[in-house]
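Examining the three-dimensional arrangement
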Amino acid sequence: MFFPFRLTPGVLQYTFSILILSAPSYLFGQTHPDSVVTVPEKSEIKAETTSRKKNEITDTVFYEAATIFYDNEEKVLKLTGNARVRYQKMQLHSDTIVYTINDNLFTASGLPLLIESTDTTVGDHMVYNIKTRRGRVRHASTQLTEGAFNGRSIVKTERNELYVDEGDYTTCANVEDPHYFFYGKKIKLIPEDKIIGKPVVFNIGNTPVAVLPFFMFPLDRDRRSGFLTPVWGGHPTSGGYIENLGYYYAPNDYVDLLARSKVMDFKRFEIEAASQYRLRYKFDGSLRLRYSLDNDFLQGGNEWTADYSHNQTLTPDGLTRLAGSGRVTSSNRYFFYNSEDSSELVDQNLRANMAFSRTLEKINGSASLSWQREHNLRTNIVSQDLPSVNFSIQQRPLIKAADSVKTEDIPWYSKIYYGYNAQGVVKHIDSTRIQGNEHFRPSASHSLSISSPQKILRNIDFNPSFNAKQYFVYGYTDTFVRGYDTIFDSTISRFSSSLIYPQPGYDSVAFDTLSRDAFGIPDTIQVKQYRRRIDARYTEYDEFARVEDWSASMSLGTKLYGIFPIKVLNFAGLRHTFTPSLSYSYNPKLDIDKKFFPDGISPPGPRKRQQILSLRAGNTLEGKLISPGDTEVEAKERAFTLVSFNFSTGYDFEKKNRKWSDLALSASSSIDKIGLNIGYNSSFWLYDQYDRLSLPIMRSMSLDFRTSALSAKGSLWDGNLLRTDSVSANTSSLDQSDNNMLQWNASLSPSFTYSMDRYRPTEMFVPKKQFSLSGSASLNFTKSWALRWSGSYNFQQNQWINNSFDLSCDLECWEMRFNWRPEKLNPGYYFIINIKKIPEIKWENRN
C-alpha cells in the first residue's frame, strides 16, 4: 500500500521513524531497494535503488522527481513532477513515471522522452523494460543515427530493432518538414543493417511519387553481398542502355567479387567481372575483366580487356617479391567502341608486366625473372619479353675494410669497387595484324665495372673507371646490300571531325565518315594514310653472334665556395658555389660487319676509336635573407637560390677537324612566391663556316617559362542572396556568416617556350613559339550550389579543349551532380540526384 506522507512539522518525527524502520541505511547515505520517501511536490529529492535478485537488474537505478511515492508491499515506485530516471546509458524523462521493480518495467506518460546513447524517442505514452530493453511508444517519434521515425506506435526489442506501425522514415535533419520521407504500413528497422517496409509510399515533400508493395534498403555502409541497383537510360538518336545488372559478393574481409553486365540497344553486350583481395603483410591486388560482344558473335564479333595489379611478399624477411600491373586487350578497337573514360580513349600504348625478384643482401645484389608486354594501339603491334632475366651485383669493395675503421681512415685499396650485371631476354614481336608475321629474338649480355673514387690533396675528387660488356644475339643481317624493295604500308586512325592529326611521313590520305550527329554532320571520321618507301635488302642469318666492347674513363672534380658580404636591407649576403670538373673517356675501335635488329638487347654499331676530353663548370648563386626579431636570437635566416648556370664542352682527339664540340650553356631560376620557373638553354659553335676556331657563335637557343598555378579567389558580395537552395519559406535558420558568400576561385597553369635555331653560321635563325595552358574555375552560388570547370587550350586550333563542367548541389539530405563534356573525343553528359545516406535511391541519366 501507499504511504502518502507530507513533510510538515507535526509529523516530522513520525516520518523519520518510518524511514528508520523501513530504510535505515538511506539516512546514512547508502542505498536500499525498499526506500520509502514522501516529499513536497515542489521540492526535489534524489534516491537510488539496487536490485539484488538474480532475475532482476544488477546495476543501480537513479531517479528524481518533485514527488516520490513508494509502495513497499507491491514494490511500485511512482514519480510525479519532472520525473527523471537514469540506468546505465538510458535516461527517461516524463511528467509521470511508474516503476514496477519486480518486473523491471517503467510506464511513462505526459510527453515521455527516452534517450539511449545517441538515439532519442518521444511520444505520449511509453512502456519500457530496462532488463530486456524492450519498449512500446504510442504516437511516437524517434531520432536514430540512421534517421528519424514517426508512427502511431513504435516497439523496440532487446536487439534494438524497431517495429513501426503506420509510420514514416526520413534522414532529413528537419523532421517536422522533411524534403522526403517513406510512409509504410509496417516498417522494421535492424540497426546498422537494413530497413524493411510493406507497403511503402515514397514522398517528396508532401507529394507521393512512388508506391511499392515491398521495399528494403541497407543501412550498413560497409561491404556486403547483394544485388546491384540497375541503371537505365538513353536518347532517341543514340539508343538506350541498361547497365549495372549484377551481383556483389563479399565472403570475408580479405576478398570480394563483382559480376555485372551492360546492354546497349540490345545489340552490344558488355560483361564485367572484378575482384579485390588483400591479406595484410602478405599480398594485395585486383583483377578486372571486361568482355564485349555484339550481333556478330558467331562471326567472332567479340573483344575483351583485362586490368590487373598484384603485390606479394613471398618470404618473411620481405626480400622475395612477386609484383606486377598492367592492362591487356584483344583488339585496338575495344576502348573506341566500349569506353566512356577519356584517359582510356587517349592512351595508345598499353603496358603490362609481372616480375619475380629476390634481394641478395649478403652480396649486395638482386635477381629477377620478369614478363613485360607493350601493345601499340595505333600500329597494332605487340612486343613481349618472354621472359626477361636479370642478375646484378651493386658496387661493392674489392677488399672490404674492417667495420671498426672510420670513413675518413679507409685505405685507398678498400675504395676499389666492382659491379656485375647479367641479363637475358626472349623478345617476341607480333605484327600479324598488319604485316602478317611474327618473330622471336633471344639475346643476352653481361658486364663488369670497376671504379675507385679517391681524394687527392684532400679537396680534389679523382675517379678512374673501367667497363667491359659482352653480347650474345640471335639473328642478324650482313652489311652488303643485295637489292631494294618498294614497300607500301598504311595506318588507320579514328578521330572526331574537329580533332584530326594525320601521321607525319605519309604521302596520301583517305577519309571515311563512320557516323554523323543528329544534324547529319560527320562527327567521327576514319583516316587511312598511305606511305611508299624504298628499303634496302640484306641477307638474314638465324644464328648467334657475339660482340665484345669495353671503355675506360677518369674524372677530376672539386667544389669551391665564395662569400660576398653584401648587406642591403634584410639581404644578408651572397654565396657562389663553383664546381669545375674534367673527365677523359676512351672507347676502342669496334669493327662489326653485322647489322642487328633493334629488338631485345642490341649491341652497338660499328665505331671508330674515340678519345674525348670533357670540361664542365657549374655555378650556383645563393642569397640569404634575415627576418628581424626582437632579439638577435629570434631573428630567422632563409637561404634561397638566385640562379644556377652551367658551361660544358669537349675535345675529341680522334677527329681530323672540328675537334672541339659545341659549347653548351644552361641556366635556371625560380620565383617561389608566384611559382614561376625560368629555364634557358643554348649551344654555340666554336668554329666558323670555314672550320676555323673562333669565338662562340650561337647555334640554338630556347627560353622556357612555366608556372605551377596562377590562382585567385574572392567573393562577389556578402551574404547568401541567392536562396535557391531553400525549399522552405522559413529561412531564418540559414547561416548568414562568411561561409555563405558567393565565392569564386580560378587558376591557370600556363607555359611558354621560345626557341630559335639554324644549321649554319651564315643562315638566319628560325624562331618557334610553343604555348600550353590549362585552367580550372569554380563558383559557389550559395552554401549548397556550386559550378566547376576545367579544360586546356589548344593554340594550334585556337580553342579550349578537354572541357568539363560540373554543377553540384547539396541539400542537406539530397545531393545532385551534373557533368557535361562538350568534346568530340568523348562527348556526353551525366546527371544524378540521390539521397546522401541512402545512395541506392537515386535518379540518373547519361548520354
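What you see is a predicted model; the values in this text were computed from it and never measured. Within each chain, residues carry numbers counting from 1 in the order of the written sequence. Totals for whole chains, interfaces and linings use all residues, but because this is a predicted model, local features are given only for residues with pLDDT of at least 70 and pairs of side-chain atoms are given and counted only at 80 or more. The side-chain values count all of the structure's non-hydrogen atoms but skip hydrogen atoms and water molecules.

1. Examining the overall build of the protein
We apply this condition: Helix and strand definitions follow DSSP, with helices as H or I runs of at least four residues and strands as E runs of at least two, each counted in order from the N terminus. Remark: exposure states derive from per-residue accessible area (1.4 Å probe, protein chains only) relative to the maximum for the residue type, with buried under 20%, exposed over 50%, and partly exposed in between. For this analysis, residues touch if any pair of their heavy atoms sits within 4.5 Å. Shrake-Rupley sampling with a 1.4 Å probe provides the accessible areas, and residues are treated as covered by the protein chains on show and by no other component.
When its secondary structure is counted, the protein shows three helices and 51 strands. Looking at the protein residue by residue over its 847 residues, the buried ones come to 33%. Taking the intrachain contacts of the protein between residues at least 6 apart in sequence as the baseline, contacts between residues at least 24 apart amount to 48%. Roughly 50,500 Å² of accessible area belongs to the protein as shown, and the carbon and sulfur atoms make up 56% of that amount.

2. Regarding the packing of aromatic side chains
Both the distance between ring centres and the angle between the ring planes are used here to describe each pair of aromatic rings. Going by this rule: Ring pairs are drawn from Phe, Tyr and Trp, using the six-membered ring of Trp, whenever the two centres fall within 6.5 Å, and their geometry is named by plane angle: stacked under 30 degrees, edge-to-face over 60, tilted for the rest. Ring-over charges, as used throughout, are those where CZ of Arg or NZ of Lys falls within 6 Å of the ring centre and within 35 degrees of the ring normal.
By the definition in use, this model includes 27 aromatic pairs. Between the aromatic rings of Tyr180 and Phe182, the centroid separation amounts to 5.8 Å while the plane-to-plane angle is 85 degrees, which identifies the pairing as edge-to-face. Classification of Tyr180 by relative accessible area gives buried; the value is 0%. Exposure remark for Phe182: the relative accessible area of 5% places this residue in the buried category. Relative to Tyr586, the ring of Trp550 has its centre 5.6 Å away and its plane inclined at 40 degrees; by these criteria the two rings are tilted. Residue Trp550 is located in strand β35 (residues 540-557), and its partner Tyr586 is located in strand β37 (residues 571-587); the two are separated by 36 residues in the primary sequence. The exposure class assigned to Trp550 is partly exposed, which follows from its relative accessible area of 35%. Taken together, the ring pairs in this structure connect Tyr180, Phe182, Phe202 and Trp814 into an aromatic cluster. Here the guanidinium or amino end of Arg86 rests over the ring plane of Phe62, the centre of that ring lying 4.5 Å away. Between Lys594 and the ring centre of Tyr476, over which it is positioned, the NZ or CZ distance is 5.5 Å.

3. Re the pairing of strand β4 (residues 76-87)
Keep this limit in mind: Paired strands are those between which DSSP finds at least two bridges.
Strand direction decides the pairing type here: strand β2 (residues 60-65) and β4, joined by four bridges, are antiparallel. Paired with Phe62 across the two strands is Arg86, which belongs to β4. Inspection of the sheet shows strand β3 (residues 67-71) paired to β4 by five bridges, in the antiparallel sense. The residue bridging Ile68 from the neighbouring strand is Leu79, located in β4. When β4 meets strand β5 (residues 90-100), the two strands line up antiparallel, connected through 10 bridges. Considered in β5, the bridge of Leu77 is made with Tyr99. The antiparallel pairing of β4 with β5 creates a hairpin that spans two residues between the two strands, and Gln88 there sits at a positive phi of about 50 degrees.

4. Topic: a nonpolar patch on the surface
Note the following rule: In this analysis, a patch consists of residues with relative accessible area above 30% that form no salt bridge, clustered at 9 Å for like charges and at 5 Å for the nonpolar side chains Val, Leu, Ile, Met, Phe, Trp and Tyr. Basic side-chain nitrogens of Lys or Arg form a salt bridge, by our definition, when they fall within 4 Å of a carboxyl oxygen of Asp or Glu.
Nonpolar side chains collect at one region of the surface, where Ile456, Leu457, Leu556, Leu582 and Leu615 lie side by side and expose about 410 Å² of accessible area between them. Structurally, Leu615 can be placed in strand β39 (residues 610-627).

5. Quick look at the pattern of salt bridges
The final tally for this structure, using the stated rule, is 29 salt bridges. Here Lys594 makes a salt bridge to Asp593, at a shortest N to O gap of 3.3 Å. Judged by its relative accessible area of 27%, Lys594 is partly exposed. Take Asp593: its relative accessible area is 51%, and that puts it in the exposed class. Ionic pairing is found between Arg692 and Asp688, a salt bridge with its closest N-O pair at 3.0 Å. Asp688 sits in the buried class, given a relative accessible area of 10%.

6. Some thoughts on the nonpolar core
The cut-off we apply is this: Here, nonpolar core means buried Ala, Val, Leu, Ile, Met, Phe, Trp, Tyr and Cys residues that are tied together by side-chain atoms lying within 4.5 Å of each other.
Formed by 44 residues in total, the largest nonpolar core has its most connected members in Leu79, Leu92, Phe149, Tyr180 and Phe182. Of the residues forming this core, the biggest block, five residues, is contributed by β4. Discounting chain neighbours no more than four positions away, the residues touching Leu92 are Ala83, Arg84, Val85, Ile97, Phe106, Ala108, Leu113, Leu114 and Met126. Residues Tyr471, Tyr476, Ala545 and Ile592 belong to the second largest nonpolar core, which totals 10 residues.

7. As for the environment of Val426
Its place among the elements puts Val426 in strand β28 (residues 417-430). For the pair Val426 and Val389, spaced 37 residues apart in sequence, the C-alpha separation works out to 9.3 Å. Beyond its immediate stretch of four places on either side in the chain, Val426 contacts Gln384, Asp385, Leu386, Pro387, Phe440, Arg441 and Pro442.

8. Some details on the side chain of Thr170
Stated precisely, the cut-off is as follows: Any N or O atom pair separated by 3.5 Å or less is treated as a polar contact, with the protein-specific requirement of one donor-capable and one acceptor-capable atom, and with residues adjacent in sequence counted only for side-chain atom pairs.
Looking at the secondary structure, you find Thr170 in strand β12 (residues 162-170). Among the residues examined, Thr170 registers a relative accessible area of 1% and is labelled buried. At 2.7 Å, the side chain of Thr170 forms a polar contact with the backbone oxygen of Tyr180. Not counting residues up to four positions away in its chain, the partners in contact with Thr170 are Gly147, Ala148, Pro178, Tyr180 and Phe181.

9. A closer look at the environment of Arg333
By secondary structure assignment, the location of Arg333 is in the loop between β24 (320-329) and α2 (334-338). A C-alpha to C-alpha distance of 9.9 Å links Arg333 and Arg378, two positions 45 residues apart in sequence.

10. What about unusual backbone geometry?
Here the amide bond leading from Lys198 into Pro199 is cis, since omega sits at -25 degrees, within 30 degrees of zero. Residue position: Pro199 is located in strand β14 (residues 194-204). Unlike most non-glycine residues, Tyr281 shows phi in positive territory, near 70 degrees. Here Tyr281 lies in the loop between β21 (268-279) and β22 (283-293).

11. Details of the pairing of β21
Bridge count between strand β20 (residues 255-264) and β21: 10 bridges; the pairing is antiparallel. Paired with Ser261 across the strands is Ile271, a residue of β21. In the sheet, β21 pairs with β22 via 11 bridges, with the strands oriented antiparallel. Among the inter-strand pairings, Ala274 is bridged to a residue of β22, identified as Arg288. Connecting β21 to the next strand, β22, in antiparallel fashion are three residues, including Tyr281 with a positive phi near 70 degrees.

12. Concerning the environment of Phe214
For Phe214, the position within the fold is in the loop between β15 (207-212) and β16 (215-218). Between the alpha carbons of Phe214 and Lys186 there is a distance of 10.0 Å; along the sequence they are 28 residues apart. Contact partners of Phe214, with chain neighbours within four places excluded, come to Ile196, Gly197 and Lys198.

13. Some details on the confidence of the model for the protein
Formally: pLDDT measures how confident the predictor is about each residue, on a scale from 0 to 100.
Chain-level pLDDT for the protein is 80 on average; 80% of the residues reach the 70-or-more range. A low-confidence stretch, residues 1-55 (pLDDT under 50), is modelled with 101 contacts involving residues beyond four sequence positions or located in other chains. The model gives residues 495-501 a pLDDT under 50, and that stretch makes 24 contacts with residues more than four places away or in other chains.

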